[in-house]
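Residue strings, one per chain:
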Amino acid sequence: MITEVASSYLDTFIGKVADRSLTVGVVGLGYVGLPVAHLFTSRGFRVIGFDIDQSKTQKLMKGESYIGHIPSSVVQEMRKRDRLTATSDFSCIAQADTLSICVPTPLDRARQPDLTAVRNTAESLVPYLRPGQLVILESTTYPGTTTEVVLPILQRSKLKIGEELFVGYSPEREDPANAQFTTRSIPRVTGANDPASRRALETFLSSSFEKIVPVSSCEAAEMSKLLENIYRCVNIALVNEMKLLCQRMGLNIWEIIDAAKTKPFGFQAFYPGPGLGGHCIPIDPFYLSWKAREFDFSTRFIELAGEVNTNMPYEVAARVAEHLSARGVASSSARLLVLGLAYKKNVDDCRESPSVKILKLLCERGIAISYFDPHVSGYVSHRYGPLPGVELRELTDDAIQNNDATLILTDHDAFDYERIVRFSKTVIDTRNATARVTTERGKIILT
Ligand SMILES: NC(=O)c1ccc[n+]([C@@H]2O[C@H](COP(=O)([O-])OP(=O)(O)OC[C@H]3O[C@@H](n4cnc5c(N)ncnc54)[C@H](O)[C@@H]3O)[C@@H](O)[C@H]2O)c1
């Protein structure tokens, strides 16, 4: 039941959504938060973006983007008529009617959920919360986080949850650089644990997303996001394992997937690669396995998928050494050109990228590496420090020719694959990126 107090705050809130006088707050302006802020400005709302990283807020205020696939012109459009303000001053929280939390949810060194950013964010909101606001956790996390971690912190504000302060969970489904779906056209799952919060959450998000998908609770919404990512992780592991078997049997896994996906029902194509990357698929499943232990439950699919996917960079490194040796080149004297650092095509995101691990493994084998990614320059890995090998600023014909082999780890559209094959002695292709190359196919080794 919605109480009278909640009802009066809700009426004001709903009125502000309707006449667009509502101020949207987005906390965490990264790969997820910035597109979210963009969506709300484009739907006519004023947005205040918060980030502890002042270099980001300063860039945004100058109309500059720091995300490769989001051009600065988009930020400039958001800055027009001051639709977007970006700040590290959390006292401005009081000005916002909604607060979407889009901060990182990584794993710690023991591969357990690290909710430091979520906790810190909730704590930094507390002094400035006021009645009538809606707080939405959007970071990917295990079921129970909103209720067990965020709510107890927000309650320190002394505001009554579900009456004076509305709280919900709505997972982000952003897919950076996906040209087919926009932030607005990807349906949004929403969950809240009291009727007033549910109403506020659904009213707010349906103002800007084409479709919302309400579920019964924060926990159900949290779990739905993990199911999506675990489904992906497990299926990628399956095709990665199939790829290894196909290699042994002399079959081309990509040809086989292309054939299988012609079935009009019951099959969805997933593609193998050099390993998992990004902030989501290699990490999120382990949020659930950690939580499952509380219930004496072992998530065997997740563990098995993790094992298969984690092994892929080692497989690639071993295959490279094998191919070089088959051509009479010892690893200790080999020169290799590596193409692609980002974890997936057409983005600049190298978080958890298998390329970083593979570079390290190849260098340990004594192979002299040069590497190039048209979307990334000067990348330093948090785990491995500066990348081993020599970074190329451009991909010249000479740079390709001067190596014993070229290893393709990311299938960016910006690469000219015909030219790469023409000037390489051998191309070891982990993504089937050279599928459309018509000449000198004998040089290509799919692995
Ligand atoms: N990247 C994706 O494609 C994607 C897709 C769907 C969901 N997600 C989820 O969304 C969440 C955010 O991911 P991301 O890729 O945008 O991360 P990101 O690292 O790109 O951005 C997070 C931002 O939060 C800021 N931040 C950290 N602590 C903060 C704090 N206490 N207060 C304010 N700002 C803080 C960081 O400075 C950074 O700018 C994660 O839970 C992730 O799993 C990511």
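Look a little higher up for the structure.
These numbers come from a predicted model, not from an experiment.

### Overview of the overall build of the protein chain
Assigned secondary structure in the protein chain consists of 14 helices and 16 strands. Computed over its C-alpha atoms, the radius of gyration of the protein chain comes to 24 Å, within 12% of the 22 Å expected for a compact globule of 447 residues. The C-alpha extent of the protein chain, read off along each of the three principal axes, is 80 × 50 × 40 Å. Looking at the protein chain as a whole, 53% of its 447 residues qualify as buried. Contacts spanning at least 24 positions in sequence make up 69% of the contacts within the protein chain whose residues lie at least 6 apart. Computed over 51 positive and 52 negative side-chain charges, the inter-centroid distance for the protein chain is 2 Å.

### Details of the site of the ligand
Contacts to the ligand come from 27 residues, most closely from V32, D51, K56, T105 and R351. Take T121: an N or O atom from its side chain is 3.2 Å from a nitrogen atom of the ligand. At 2.9 Å, a side-chain N or O of R351 approaches an oxygen atom of the ligand. In terms of residue count, helix α5 (residues 116–125) provides more of the shell around the ligand than any other element does, three residues in total.

### Remarks on the pairing of strand β7 (residues 188–192)
Of all five residues in β7, five are buried; the element is thus mostly enclosed. Alternating residues of β7 divide into R188, T190 and A192 and V189 and G191, and every residue in both groups is buried. The pairing of strand β6 (residues 166–169) with β7 spans two bridges and is antiparallel. Each residue of the ladder has a partner; that of G168, found in β7, is A192. With three bridges joining them, β7 and strand β8 (residues 212–214) adopt parallel strand pairing. By the bridge assignment for β8, V189 is matched with V213.

### Section: the pattern of salt bridges
Scanning the entire structure with this criterion turns up 17 salt bridges. Between E163 and K160 there is a salt bridge, with the nearest N and O atoms lying 3.6 Å from each other. A relative accessible area of 16% means that E163 is categorised as buried. Because the salt bridges share partners, they merge into one network encompassing K16, D97 and R130.

### Remarks on the sheet that holds strand β4 (residues 98–101)
Across the sheet, which stays open at both edges, the eight strands sit in the order β3-β2-β1-β4-β5-β6-β7-β8 with mixed pairing between neighbours. If you trace the sheet from one side to the other, it starts and ends with β3 (84–87) and β8, each paired once. On average, each strand axis in the sheet is tilted by 25° relative to the strand beside it, whichever way the strands run. Where helix α6 (residues 145–154) meets the sheet, it contacts β5 (134–137) and β6, and its direction lies at approximately 150° from that of β6.

### As for the nonpolar core
F50, L99, L125, L129, V135 and L154 are the most contacted members of the largest nonpolar core, which has 39 residues in total. The greatest single-element share of this core, amounting to five residues, is contributed by α6. Sequence-distant contacts of V135, defined by excluding residues within four places in its chain, comprise L99, I101, L125, L129, L154, L165, F166, V167 and G168. Counting 36 residues, the second largest nonpolar core, distinct from the first, contains L29, V36, F45 and Y66.

### Structural notes on a nonpolar patch on the surface
Taken together, L245, M249, L251 and I256 make up a surface patch of nonpolar side chains, about 360 Å² in accessible area. As for its placement among the helices and strands, M249 is situated in helix α8 (residues 218–249). The exposed category is assigned to M249, whose relative accessible area is 53%.

### What to know about the sheet that holds strand β10 (residues 368–372)
One open sheet holds the six strands; their spatial order is β13-β10-β9-β14-β15-β16, and the pairing between them is parallel. The two strands at the open ends of the sheet, each matched to only one other strand, are β13 (390–391) and β16 (444–446). Here strand β9 (residues 335–339) runs beside strand β14 (residues 405–408); their pairing, made up of four bridges, is parallel. When the bridges of β14 are listed, L337 appears paired with T406.

### A short note on the side chain of D51
Of note, D51 is situated in the loop between β2 (46–50) and α3 (54–61). A polar contact of 2.8 Å, which involves the side chain of D51, links it to the backbone nitrogen of L29. Among all residues touching D51, those that are not within four sequence positions of it are G28, L29, G30, K56, T57, T87 and S88.

What counts and how
- Residues numbered from 1 in each chain as written.
- Predicted model: local features only at pLDDT ≥ 70, side-chain atom pairs only at ≥ 80, totals over all residues.
- Heavy atoms only, no water.
- Helix = DSSP H or I, 4+ residues; strand = E, 2+ residues; numbered from the N terminus.
- Rg over C-alpha atoms; globule rule 2.2 N^0.38 Å.
- Buried < 20%, exposed > 50% of the residue type's maximum accessible area, 1.4 Å probe, protein only.
- Contact = heavy atoms within 4.5 Å.
- Lys, Arg positive; Asp, Glu negative; His and termini not counted.
- Charge placed at Lys NZ, Arg CZ, Asp CG, Glu CD.
- Near = heavy atom within 4 Å.
- Polar contact = N/O pair within 3.5 Å; in protein donor to acceptor, adjacent residues only side chain to side chain.
- Pairing = 2+ DSSP bridges.
- Salt bridge = Lys/Arg side-chain N within 4 Å of Asp/Glu carboxyl O.
- Axes fitted to C-alpha atoms, helices over the stretch in contact; angles between N-to-C directions.
- Core = buried A, V, L, I, M, F, W, Y, C linked by side-chain atoms within 4.5 Å.
- Patch = residues over 30% accessible without salt bridge, like charges linked within 9 Å, V, L, I, M, F, W, Y side chains within 5 Å.
- Areas by Shrake-Rupley, 256 points an atom, 1.4 Å probe, with all protein chains shown as cover.

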